[in-house]
Every structure is written in structure tokens, then in C-alpha cells.
There are 2 protein chains.
Amino acid sequence: MSASARLAGALGLAWLLATSARAAEPLPSWKDGPAKQAIVAFVSRVTTPGSPDFVPPAARVAVFDNDGTLWSEQPLYFQLAFAIDRVKALAPQHPEWKTTQPFQAVLEDDREALAAAGEHGIVELVMASHAGMTTDEFAAIVREWLAKARHPRFERPYTELVFQPMLELLAWLRANEFRTWIVSGGGVEFLRVFAEQVYGIPPEQVVGSSIRTRFELRDGRPVLVRLPEIAFVDDKVGKPVGIHQFIGRRPIAAFGNSDGDLQMLQWTTGAEGPRFGLLVHHTDAKREWAYDRQSPFGRLDAALGEAGERGWTVVDMKRDWKVVFPFQRDGRR
Amino acid sequence: MSASARLAGALGLAWLLATSARAAEPLPSWKDGPAKQAIVAFVSRVTTPGSPDFVPPAARVAVFDNDGTLWSEQPLYFQLAFAIDRVKALAPQHPEWKTTQPFQAVLEDDREALAAAGEHGIVELVMASHAGMTTDEFAAIVREWLAKARHPRFERPYTELVFQPMLELLAWLRANEFRTWIVSGGGVEFLRVFAEQVYGIPPEQVVGSSIRTRFELRDGRPVLVRLPEIAFVDDKVGKPVGIHQFIGRRPIAAFGNSDGDLQMLQWTTGAEGPRFGLLVHHTDAKREWAYDRQSPFGRLDAALGEAGERGWTVVDMKRDWKVVFPFQRDGRR
């Protein structure tokens, strides 16, 4: 059985249930509070023919951040966990890493030294682990990692740490003729490996950060080689730029969870016509995590401060979600 | 009546006819020769359930160059005509252009001096005419130009110089559950203004060259400002890069007309499974233009040389197309 088939098997159940649920009651994992009511009211306004706020299906573009919005981002971004595992796997070919930061920190599991390496250190890890191979080779490496790696706290594949209420929301929006896009600070080629199976979002509806690639003919066969140079950072002010460049339409709904999503929500909701912005606030240390202003990953501060004035809906994870992860349903834990 | 409504009116007829034609006979403006037969045979192979070459609809991605493939590109790229008209309109605010190349050449209609300014000169014209405004303002400027400008030879709006056989091909592929994308060296924001009305291709299925944009809040309202810096050149080796970054899937069919499309055709057809590549060869000086190896715009040399060995279909415009432009049908000229 291929790695991708195993991945599909592991995730098939959650996905099927999320899809079939919409026929009965929309958003069954959402408690019937103000957040769910705001979502349902917005979708009703824009999809009711004859309503002054009716939006034709072609313009029903909804954009979703990924880390912390569709899946978890603690204790560190999952793609950074991939980079760390990859650096460890490549270490035998790089003896110099034993004494070079940030690689030494990774190999010695030295959290403090890794934190001290800062953003520059992270870029170095990403380049060492994400470049130097063809695009096809990279996709295979990610696929294999997703099949084998386990989250340290939940001891499950990372792709099971997706938010059941958000899976239901994605499916329900699509049932209402929205097109759902991911707009993530994460790498576009990392995301595309699992976005279709896990979220039902096809490759061409994923916007993300990217490194440069170079076209080459190898024995007459074309390949794209991944280079250790950043092409585009799809975060903060980069998100509206990425949306405009890839989608070319102004979304009518945006879903995020951190200050990295602030400008995406401003861009989406700061235009004429019906608009919807939503922030997921991580308030549930027991079922997931509780964090906001002080978190190194998924810091939520300025965006939360603007939510009231700009009319954005804030989800209180603990209060608004009946379950967080698919595997927590039906009393499972 | 708005500029866009006028544009739609002018183009509505061609589009409707191209769409309704498919029910009767596919590709009515194509003569029944080897090019049409190759297209029809390929579409039949990939869409017949149970065929060993069957391709599921989600993977039926077809990419089209624009200049010289979907519309004409003589006597110069239409977007360059826009840049020239724009420089003339802006000249009163730039008295220094009277004595500065390449602007002086434009203002004096001096073809030789303009050609002498070369690629660097073109970039200067593009930056002066395409940057410094918001994305919304730029789209309005392009829309207005398309409504008013007339092609020097045919004295019609540029958007009427589209190829009737290609309109039929786009519509027929979509009727066969292909998704049709533009992958153009032209500017993505220029193309998106008319691609949906003229070709039925929505903004999110247009890949093109781009300049950088910057997110700004103006009195709390978000805008994207166009900057005079190139972000991405979607031409030659850039086309497979753009396809991979925007679409994230390998196309199964690619349509071009020049050496700028060589790598796009290599990338599309140089993979396993059923693949189709096609080059439009401009051979019809009477109805359109005849040019290839020596042309400054749309030069076709290396790609034509590889067509045989790589199995690409070459359209001989004079031989294979019953009409070129929609306005030449039914004996009209």
C-alpha cells in the first residue's frame, strides 16, 4: 500500500463524516452560540436569491489560514517539525552540522539554542531541508514523513490534528457553492501534498510561501529543481498580495487565528458588500492548547484588538466547539 | 453603459456562437485536417471511461499561451500598445520624457529609436505605465483602454482580434470537463481584466508576469499599490515555474505559438501518460500575419524544430483554420 493510500485511509473517516453531516444539520461540532450563528447568518445572506446581499457563486471565495486555523501549530509549526526530522535524517551526509548552529541545536534537541538562532536559524533549517531536490522528489519526501511522523503530545499522525469544526465548515461552505482556498505562511509545496485528502482543497486552491525553482532538462526530460532562495513569503502583508496574485478576486470571507492573518482579514472585510472575518482563539488547554499574546507560534495580539471594531467573529475554542479533533468525537480521547 | 458592459456587448456574439456550436459539431472553424483530427483523438482518448488513457476530470488541465495563441501579437504585443498609449496620456505630467529615451521615441512615434531601446527600454515603458497606482485603479485604466483603443490594421477593439478556432477549442475542452488556464508572458493583472469575458477564463485561472504590490491601509481602508519592480517573469523557463507555483499540477495539454512556450510544452508533454502539445504557426498574411523565425514578437524557431521529435501538433493557420477572427465569418471581412 502506498504512503498516500495509507494517509487517505487514516483520514477517510473524518472526511466522510464531515461531508455527510451537512445534509442533517450544518456544523454539528459547533455549539449553538454567537460564532455559529454569525457564520450561518452570513452564508444565508449571500446565498439567498433576491437578497440584497446575494453573491453569485463565482464570487463566493473563502480563504483559510492553515497553521492554528485548520490544524494545530503547537508545540511548534508542523512544517518546522518536518524540517527538524529532515535535518536529522540528512545529518550523516553533513558532519559539519555537529558543530554548526542551528544544526547542532537540532541534532542535540537543544530547544534554547534553537530559539536563540531565531528567524534566521529557521530559514537556514528550511533551506537545508526543503531545497536541492526536484519538486517530485520533495513531494515524495513530505508524503513519506506525513505517513510516519507522530505528534509528540497526541502520538498520532500530524494530519489527524485537524479541527473537526473547521472540516465541517469547509464542507458546508462548498455545499453552498463557495470555493475554499488555503492562504498559508507555510510552504505551498508542503501543503499541497495533503490539502486535497485532508481538507478537500485541490492543489490549485492552495496559496503559500515558496522558494525558487529552476527548470532543467535532464537527458531530455524536464524537471523543476528547488533552490535555496525564498521566492515569496505569504504571511502578514504578504497574504493580501498572495491572494491578489493567485486568486485575482477579493474574498468575501476569511478565517485565521493569528497576527499573521491580520492583513488578510483587513483586505477581505475592508471592501463594499457582505464580508465575513473570523479568528480562532485558542482557549482550550485541555483538549488542544491555550495561547495568544505570548506564544512564539501563532501569536494573536493586534488582530484580536481589531476584531471588535472591524466586526470579526472570534471563536472561543473551549466555549464554541463541541470537539476539537476528529478522534475526540463520541467520547474517544 | 459601463466600459465593461460595452466590452461584453461587443464580444457577446462570438462567445455565444462558439459555445453553442459544440452541440452540433466540435470545432466548426477548424478544417478537417491532421491538426483537428489530432485534437479530437486526444480528447476522446482521455475522456472515454474505461480507456487505458482515461484521465479523471480534476487532472484535465489545459494551458494556453495568450499572445499569438489566443489573440494576435502584431504589429506589436497588444499590452505594449497599451503601454505606449498610456505613456502618451501621462506625458503632460512628465515634461522630461520629451528628451529621455525610450519615452521620446514613443512620443515621436519613432519605431527605430524604440527598437534600439531594446528589452530594457520596454521594461522602462512598462514600469512607467503599469505602476504607481492601486490594483483597482490599474484595472479601471485597462478596462477603459480596451473599450476605446483600436487596432491599427483592423480598426477594431483589440479584444476582437481573438482566434475563432481557439475560442471554439476552449469551449469544447471545457464541455469535456477540462479546466482551461492562460499561462502568458503578459501581465496577469492586464489579462484578468478581459480573460473572463473574452475567453471564459476566470481570474484565478490566469497565470502571468507580475510586478510587486504593497499592502497599505489608507484611512483604515486596505489597498494594494503597484510598485515599479518585477516580481515574476512568466516566459520561457518561467512558464513551467509559474504553472507549478500557481496550478500545482502538471497539465496534460499545452497550446502555444512561440519559443516563449518551448519549456511549457516540454514540461507538459515530457511526463508519463497521455499528453498533448500544439503550436500555432502563423502562415496567413492575408487574413492575419505570416511570421516565425525572424519576428521580433512571437519568434518561433527552436520550438518548431522540436515539434517533430516531441510529437507536437503544428497548426498551419492558412491551411487548418476556416476563419481566423470572429468578424471574418460568414463572408464578413
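Residues numbered from 1 in each chain as written. Chains lettered and ligands numbered in written order. Predicted model: local features only at pLDDT ≥ 70, side-chain atom pairs only at ≥ 80, totals over all residues. Heavy atoms only, no water.

*Asks:* Explain helix α5 (residues 111-130) of chain B to me, please; I cannot follow it from the model alone.
*Replies:* Residues and elements named next belong to chain B. Spanning 20 residues, α5 covers only 21 Å between terminal C-alpha atoms, well under the ideal 28 Å at 1.5 Å per step. Turning to α5, its buried residues number three or more, namely Ala113, Leu114, Gly121, Leu125, Met127, Ser129 and His130. On the buried face of α5, the contacting elements are α3 (78-90), α4 (103-107), α6 (135-148), β3 (206-218) and β4 (221-232). The distance from a side-chain oxygen at the start of α5 to the backbone nitrogen of Glu112 is 3.2 Å, and the residue carrying that oxygen is Asp110. Residue Gly132 follows α5 closely and has a positive phi angle near 95 degrees. (Helix = DSSP H or I, 4+ residues; strand = E, 2+ residues; numbered from the N terminus. Expected span 1.5 Å × (residues − 1). Buried < 20%, exposed > 50% of the residue type's maximum accessible area, 1.4 Å probe, protein only. Contact = heavy atoms within 4.5 Å. Polar contact = N/O pair within 3.5 Å; in protein donor to acceptor, adjacent residues only side chain to side chain.)

*Asks:* Looking at this structure, how should I read the packing of aromatic side chains?
*Replies:* Both the distance between ring centres and the angle between the ring planes are used here to describe each pair of aromatic rings. All names here are of chain B. Scanning the model with the defined rule gives 45 aromatic pairs over all chains in all. When the centroid spacing of 4.7 Å and the interplanar angle of 20 degrees are considered together, the rings of Trp71 and Phe194 count as stacked. Placement of the pair is Trp71 in the loop between β1 (61-64) and α3 and Phe194 in the loop between α8 (188-191) and α9 (195-199), with a sequence separation of 123 residues. Assessed through its relative accessible area of 1%, Trp71 is described here as buried. On the basis of relative accessibility, which here comes to 0%, the residue Phe194 falls in the buried class. (Phe/Tyr/Trp six-rings, centres within 6.5 Å; stacked < 30°, edge-to-face > 60°.)

*Asks:* So what exactly am I meant to see when it comes to the interface of chain A and chain B here?
*Replies:* Of the residues lining the interface, 36 residues belong to chain A; the matching set on chain B comes to 36 residues. Contact between chain A and chain B buries roughly 3100 Å² in total, counting both sides, with carbon and sulfur atoms accounting for 52%. By the criterion of area lost to chain B, the three top residues of chain A are Glu204(A), Phe215(A) and Gln245(A), representing 20% of everything that side buries. Joining chain A to chain B, the criterion identifies eight salt bridges. Arg221(A) is paired through a salt bridge with Glu272(B); the nearest N and O atoms lie 3.7 Å apart. Remark: the boundary between chain A and chain B carries 18 residue pairs in polar contact (both at pLDDT 80 or more). The set of elements that each furnish at least two residues to the side of chain A that touches chain B consists of α6 (135-148), β2 (179-187), β3 (206-218), β4 (221-232), α10 (238-246) and α11 (262-269) of chain A. With five residues, the top contributor of residues to the side of chain A that touches chain B is α10(A). Taken together, the residues that form the side of chain A that touches chain B break down as 15 nonpolar, 10 polar and 11 charged. (Buried area = accessible area lost by both parts, 1.4 Å probe. Salt bridge = Lys/Arg side-chain N within 4 Å of Asp/Glu carboxyl O. Nonpolar A, V, L, I, M, F, W, Y, C, P; charged D, E, K, R; others polar.)

*Asks:* Is there a simple way to explain the layout of surface pockets in this structure?
*Replies:* The method is simple in principle: a probe with the dimensions of a water molecule rolls over the atoms, and the space it marks as empty is what remains. In this structure, the largest pocket occupies an estimated 1400 Å³ of space. What lines the largest pocket is a set of 46 residues, and nearest its centre among them are Tyr77(B), Glu119(B), Ile122(B), Gly185(B) and Asp235(B). Those elements giving two or more residues to the lining of the largest pocket turn out to be α3, α5, β2 (179-187), α8, β3 and β4 of chain B. Considering every element that reaches the lining of the largest pocket, the biggest residue donor is α5(B), with 10 residues. A class-by-class count of the residues in the lining of the largest pocket yields 19 nonpolar, 14 polar and 13 charged. There is about 1100 Å³ of room inside the second largest pocket. As for the second largest pocket, its lining consists of 41 residues, of which Tyr77(A), Ile122(A), Gly185(A), Val233(A) and Asp235(A) are closest to the centre. For the lining of the second largest pocket, the secondary-structure elements that each account for two or more residues are α3 (78-90), α5 (111-130), β2, α8 (188-191), β3 and β4 of chain A. Tallying contributions element by element places α5(A) first for the lining of the second largest pocket, with seven residues. Grouping the constituent residues of the lining of the second largest pocket by class yields 16 nonpolar, 13 polar and 12 charged. (1 Å grid on protein atoms, 1.4 Å probe; cavity = no way out; pocket = protein on both sides within 12 Å on 5 of 7 lines; lining within 4 Å. Points joined across faces, edges and corners; volume = space filled by probe spheres on them.)

*Asks:* I tried to follow the relation of the copies chain A and chain B on my own but got confused; where do I start?
*Replies:* The two chain copies are related to each other by a rotation about an axis together with a translation along it. Expressed as a screw operation, the relation of chain A to chain B combines 0.0 Å of axial shift with a rotation of 180 degrees, fitting to an RMSD of 0.0 Å. In short, the pair behaves as if placed about a two-fold rotation axis. Residue Phe246(A), judged by its C-alpha, is the member of chain A lying nearest the rotation axis, at 3.2 Å. With an isologous cut-off of 70% or more, the 100% of interface residues of chain A that recur at the interface of chain B puts this contact in the isologous class. (Least-squares fit on C-alpha atoms with pLDDT ≥ 70 in both.)

*Asks:* What exactly am I supposed to notice about the pairing of β1(B) here?
*Replies:* The side chains of a regular strand alternate between both faces of the sheet. Residues and elements named next belong to chain B. Side chains of β1 alternate between two faces, with Val61 and Val63 and Ala62 and Phe64 buried alike. Bridge analysis of β1 against β2 gives four bridges, and the strand direction is parallel. Its bridge partner lying in β2, Val63 is registered against Trp181. Across three bridges, the pairing between β1 and strand β5 (residues 253-256) is parallel. By the bridge assignment for β5, Val63 is matched with Ala254. (Pairing = 2+ DSSP bridges.)

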